[in-house]
Every structure is written in C-alpha cells, then in structure tokens.
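The residues making up each chain are set out below.
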Amino acid sequence: MRRAVTRLAGALVFAAWALASAAPAAACAVCYGDPDSPMSAGLNNAVLFLLGVVVLVQAGFIALFVSIRRRGKERERRKASLEVIEGGAH
C-alpha cells in the first residue's frame, strides 16, 4: 500500500513539474517567433514533405486496387472465352 502511495505521489510531482515547464517547451518558431526565420521555413518544408509521403502512399494503394480490378476483369474475359468440348471422358 505504501508503495502505491509513493508511486502516486511521484506521479503527481512529475505531472506538476511537466505542467509548470510546458509553456517554454510549447513555443515554436511559427507561433511565437519570426515567421520568416529559417526554423519556420524548415518546419514548413517538413510538413510539405510529410504530406507528400502520405499522398504517395495513398496513390500506391489506389494503384494496387486498380491493378487488382484490371486483373480480375481480364481473368473473367479469358474465362468467358473458353468453350467446353462435349464428348470428353465420362
């Protein structure tokens, strides 16, 4: 029981410390600094790069599903073109 109380007290002290020091850590170049600084430009480039990665992954999934659909249609077309020969083995 004492161990749980000690852990809870430690967690509360850590949470209070984290909340007290959050304001300086939350400041970024876009919100609190110069929007024309190199840090802001780098952040904007990083966001655009990550958006580009997301778009490429989604385009890959779309290409995968289009490829699967085309293969399915081709398979159905070939299957429909086959004819059954009568008089085979009984």
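Procedures and definitions
The numbers attached to residues start from 1 for each chain and follow its sequence in the written order. Since the coordinates come from a predicted model, pLDDT governs what is reported: local features require at least 70, and pairs of side-chain atoms require 80 or more to be given and counted, while whole-chain, interface and lining totals use all residues. Hydrogens and water molecules were not included; the side-chain quantities draw on all heavy atoms of the structure. One side-chain nitrogen of Lys or Arg within 4 Å of one carboxyl oxygen of Asp or Glu is enough to make a salt bridge. Only DSSP runs of H or I reaching four residues or more are called helices, and only runs of E reaching two or more are called strands; each is numbered from the N terminus. Whether a residue is buried, partly exposed or exposed follows from its accessible area with a 1.4 Å probe, protein chains only, as a fraction of its type maximum: under 20%, in between, or over 50%, in that order. For every residue, the pLDDT score states the predictor's confidence, bounded by 0 at the bottom and 100 at the top. Here the aromatic set is Phe, Tyr and Trp, taking the six-membered ring for Trp, and pairing holds for ring centres within 6.5 Å; pairs whose planes are under 30 degrees apart are stacked, those over 60 apart are edge-to-face, and all others are tilted.

Considerations on the pattern of salt bridges
Side-chain pairing between opposite charges can occur once the charged atoms of the two side chains come close. For the structure on display, the rule yields two salt bridges. Put simply, arginine 78 and glutamate 74 hold a salt bridge, and the shortest N to O gap is 3.2 Å. Residue arginine 78 and its partner glutamate 74 are located together in helix H4 (residues 38-81), separated by four residues, close to a single helical turn. With a relative accessible area of 54%, arginine 78 lands in the exposed category. Several salt bridges share partner residues, and in doing so they unite Glu74, Arg77 and Arg78 into one network.

Remarks on the confidence of the model for the protein
Residues at a pLDDT of 70 or more form 86% of the protein, whose mean pLDDT is 84. When the elements of the protein are averaged for pLDDT, helix H2 (residues 22-26) gives the smallest value, 63, and H4 the largest, 93.

A few points about the packing of aromatic side chains
All told, the structure shown has one aromatic pair when counted by the stated rule. Note on phenylalanine 14 and tryptophan 17: the rings are 5.9 Å apart at their centroids and 35° apart in plane angle, and the pair reads as tilted. Of this pair, phenylalanine 14 and tryptophan 17 both sit in helix H1 (residues 2-20), three residues apart, which is roughly one turn of that helix. Of the residues examined, tryptophan 17 reaches a relative accessible area of 55% and is grouped as exposed.

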